[in-house]
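Summary of the model geometry
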Amino acid sequence: MKQKLPIEMTENGIHYTLHGDYYFPDISASDSHTTIGHYGRMRKAYLEEHLPGLYTRLILSGKLYEHLAETDQVCRDRMERMIAQMAEAEGINEKLKASDQLGWISQMNSIRSQAEEIVMQEIIYS
């Protein structure tokens, strides 16, 4: 006699529905149309390659894009603050921009690269 399986079940916080002989997780795309920026996409790639367990849990819980959007916003905010602070600390200002545009661009690009490297290590790759 074949054992009667429940049609629905929840395990590890994930809801499953029986289809034939197999349980499939009830996963649906979120209704929000959140745009994921540069840092969010980099975080996604890092999770896929280096933390597949966390990546899968985020997908199954429906929180992946929420996590990526939040990460992207945090990174952009942090970059903005760091660039402003580093430019001020190095004396890079509008006066320099008016007098030596190429020098200003070079220094700002250097600061941006340094800030991005810090953000990558502290937020994206953690």
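Everything below is about the structure printed above this text.
Here's what I pulled together on the structure shown here. Since the structure is predicted, the reported quantities are computational estimates derived from the model, not experimental observations.

Turning to the packing of helix H1 (residues 38-50) against helix H5 (residues 101-124), a few remarks are in order. Closest axis-to-axis distance for the H1/H5 pair is 11 Å, and the angle between their directions is 45°. Compared by their axis directions, H1 and H5 come out oblique. Of the two possible hands of crossing, H1 and H5 adopt the one that is right-handed. Taking contact as the criterion, the partners of His38, Tyr39, Met42, Arg43 and Tyr46 in H1 are, on H5, Arg112, Glu116, Met120, Ile123 and Ile124. Split into classes, the residues belonging to the contact of H1 with H5 amount to 6 nonpolar, 1 polar and 3 charged.

Glancing now at the pairing of strand E3 (residues 22-25). As paired elements, strand E2 (residues 14-19) and E3 share 4 bridges and run antiparallel to each other. What sits directly across from Thr17, in E3, is Phe24. Connecting E2 to the antiparallel partner E3 that follows it, the hairpin turn spans 2 residues, and Gly20 within it adopts a positive phi of roughly 70°.

Spatial strand order, E1-E2-E3: 3 strands in an open sheet with antiparallel pairing. Either end of the sheet is taken by a strand with one partner, and the two such strands are strand E1 (8-11) and E3. Within this sheet the neighbouring strands show an average axis-to-axis angle of 35°, counted without direction.

Thresholds applied
Residues numbered from 1 in each chain as written. Predicted model: local features only at pLDDT ≥ 70, side-chain atom pairs only at ≥ 80, totals over all residues. Heavy atoms only, no water. Axes fitted to C-alpha atoms, helices over the stretch in contact; angles between N-to-C directions. Helix = DSSP H or I, 4+ residues; strand = E, 2+ residues; numbered from the N terminus. Parallel < 35°, antiparallel > 145°, perpendicular 65-115°, else oblique. Left-handed = near helix turned anticlockwise from the far one by under 90°. Contact = heavy atoms within 4.5 Å. Nonpolar A, V, L, I, M, F, W, Y, C, P; charged D, E, K, R; others polar. Pairing = 2+ DSSP bridges.

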